[in-house]
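Here are the chains, one letter per residue:
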Amino acid sequence: MTAQLIDGNALSRQLRMEVSQGVANLKAQGITPGLAVILVGDNPASQVYVRNKVKACEDTGMHSVLERHDAGLSQDALLARIEALNEEPSIHGILVQLPLPAHINAQRVIEAISPAKDVDGFHIASAGALMTGMPGFWPCTPFGCMKMLESINYSLQGKHAVVIGRSNIVGKPMALMLLQANATVTICHSGTQNLKALTLQADVIVAAVGKRNVLTADMVKPGAVVLDVGMNRNEAGKLCGDVDFEGVREVASHITPVPGGVGPMTITMLMMNTLLAAQGRLGA
Ligand code: GUN
């Protein structure tokens, strides 16, 4: 069997159209959704990410503010900016691009963002809301993965999902979202013994460790759904995920490519969260 591709670009286009419609409806009521993006320093990858986030705001009709700060900005000065944005009525979402320079405590900064404006879903209140099934913002990448499963009408009810990776941004929230959808969830990580024995039992596998070829064809049950969150480069410098795509696509029923899979969904879900924030709805 050759797997069907789950096209993140096509799904993103569709969802961004829905967001644009929501934005237009709010604007008709006199509210323009606004996102503030804060970049500290000049990390090249971060510069690309923030540009793409601002462009997505423009494309969907949202207001955006990009604040660039010198790498030497003090933590107190950054906290003061966040306090000001928390009080700013034209701003509904606040995003501080990570990583931050080493002299700034990123967790301290994230906790300063009002949970009502935490469109990244990184605040401890958002994490707690997800854990307890309360309304709150869901982190964008795993939220995008859930939308991808929804797009193929996949029912997680009673299915076994294996998440490889345990980061606060992807692995842990992914596992909680899958659990909330009634899957049986196993969380694996770099220290997991006999990973293959676990992935072979999985109906759904999410690979999110940031290492090439973590998942190969011999580790996948025929017909499983495979979502690849990885963003790596191969020897030739070509973008690739955590999954051996060419091998696994011959075993899986559905698979996300890299690029063009989960990647575009992350910013799309950021737009969705910002719209929800402007609507005064606390996320998913
Ligand atoms: N750096 C890499 N990914 C992300 C993200 O999703 N949000 C923020 N704020 N920083 C990041």
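Structure: above.
Residues numbered from 1 in each chain as written. Predicted model: local features only at pLDDT ≥ 70, side-chain atom pairs only at ≥ 80, totals over all residues. Heavy atoms only, no water.

A. Representation of the site of the ligand. Taken together, the residues surrounding the ligand are Lys53, Leu95, Val96, Gln97, Leu98, Asp120 and Phe122. Interatomic distance of 3.1 Å between a side-chain N/O atom of Gln97 and a nitrogen atom of the ligand. Between the ligand and Asp120, the relevant distance is 2.6 Å, taken from a nitrogen atom to a side-chain nitrogen or oxygen of the residue. Considering only residue class, the shell around the ligand consists of four nonpolar, one polar and two charged. (Near = heavy atom within 4 Å. Polar contact = N/O pair within 3.5 Å; in protein donor to acceptor, adjacent residues only side chain to side chain. Nonpolar A, V, L, I, M, F, W, Y, C, P; charged D, E, K, R; others polar.)

B. Quick look at the sheet that holds strand β2 (residues 34-40). Spatially, three strands are ordered β3-β2-β4 in an open sheet, and the strand pairing comes out parallel. In this open sheet, the two edge strands, each paired with only one partner strand, are β3 (63-69) and β4 (93-96). Shown here is a sheet whose adjacent strand axes are inclined to one another by a mean of 15°, direction ignored. Docked against the sheet, helix α3 (residues 75-86) engages β2, β3 and β4, running at close to 175° with respect to β2. (Pairing = 2+ DSSP bridges. Helix = DSSP H or I, 4+ residues; strand = E, 2+ residues; numbered from the N terminus. Axes fitted to C-alpha atoms, helices over the stretch in contact; angles between N-to-C directions. Contact = heavy atoms within 4.5 Å.)

C. Representation of the pairing of strand β7 (residues 204-207). Alternating residues of β7 divide into Val204 and Val206 and Ile205 and Ala207, and every residue in both groups is buried. As judged from the four bridges shared by strand β5 (residues 160-164) and β7, these two strands associate in the parallel manner. Of the residues in β7, the one forming a bridge with Val163 is Val206. Both β7 and strand β8 (residues 225-228) contribute to a ladder of four bridges, which runs parallel. Within β8, the position partnered with Ala207 by the bridge is Asp228. (Buried < 20%, exposed > 50% of the residue type's maximum accessible area, 1.4 Å probe, protein only.)

D. Highlighting the packing of helix α2 (residues 44-60) against helix α10 (residues 262-278). Where α2 meets α10, the closest approach of the two axes is 10 Å, and the angle between their N-to-C directions is 50°. With respect to their mutual orientation, α2 and α10 come out oblique. Here the hand of the crossing between α2 and α10 comes out right-handed. Along its contact with α2, which presents Tyr49, Asn52, Lys53, Ala56, Cys57 and Thr60, the element α10 presents Ile267, Leu270 and Met271. Across the contact of α2 with α10, the residue classes tally to six nonpolar, two polar and one charged. (Parallel < 35°, antiparallel > 145°, perpendicular 65-115°, else oblique. Left-handed = near helix turned anticlockwise from the far one by under 90°.)

E. Just the state of the cysteines, in detail. Tallied over the entire structure, the rule returns zero disulfides. Here Cys57 is not disulfide-linked; the sulfur of Cys140 is the nearest cysteine sulfur, at 11 Å. Distance from the sulfur of Cys240, which forms no disulfide, to the nearest cysteine sulfur (Cys145) is 17 Å. (Disulfide = S-S within 2.5 Å.)

F. Spotlight on the packing of helix α6 (residues 140-151) against helix α7 (residues 171-180). It is at 9 Å that the axes of α6 and α7 come closest, and there the two elements cross at 35°. The two elements α6 and α7 cross, and the hand of that crossing is right-handed. On α7, the residues touching Pro142, Phe143, Cys145, Met146 and Leu149 of α6 are Pro173, Met174, Met177 and Leu178. Of the residues belonging to the contact of α6 with α7, the class tally is nine nonpolar, no polar and no charged.

G. Quick look at the pairing of β8. Residues of β8 alternate between two faces, with Val225 and Leu227 on one and Val226 and Asp228 on the opposite face, all of them buried. Judged from the two bridges that link them, β8 and strand β11 (residues 254-255) form a sheet pairing that is parallel. Looking at the pairing, Val225 lines up with His254 of β11.

H. Structural view of α10. In a regular helix each residue adds 1.5 Å, so 17 residues correspond to 24 Å; α10 covers 25 Å between its end C-alpha atoms and thus fits that length. Judged by how many residues are buried, α10 sits mostly within the fold: 15 of 17 residues are covered. Remark: Gly280 follows α10 within two positions and exhibits a positive phi of approximately 75°. (Expected span 1.5 Å × (residues − 1).)

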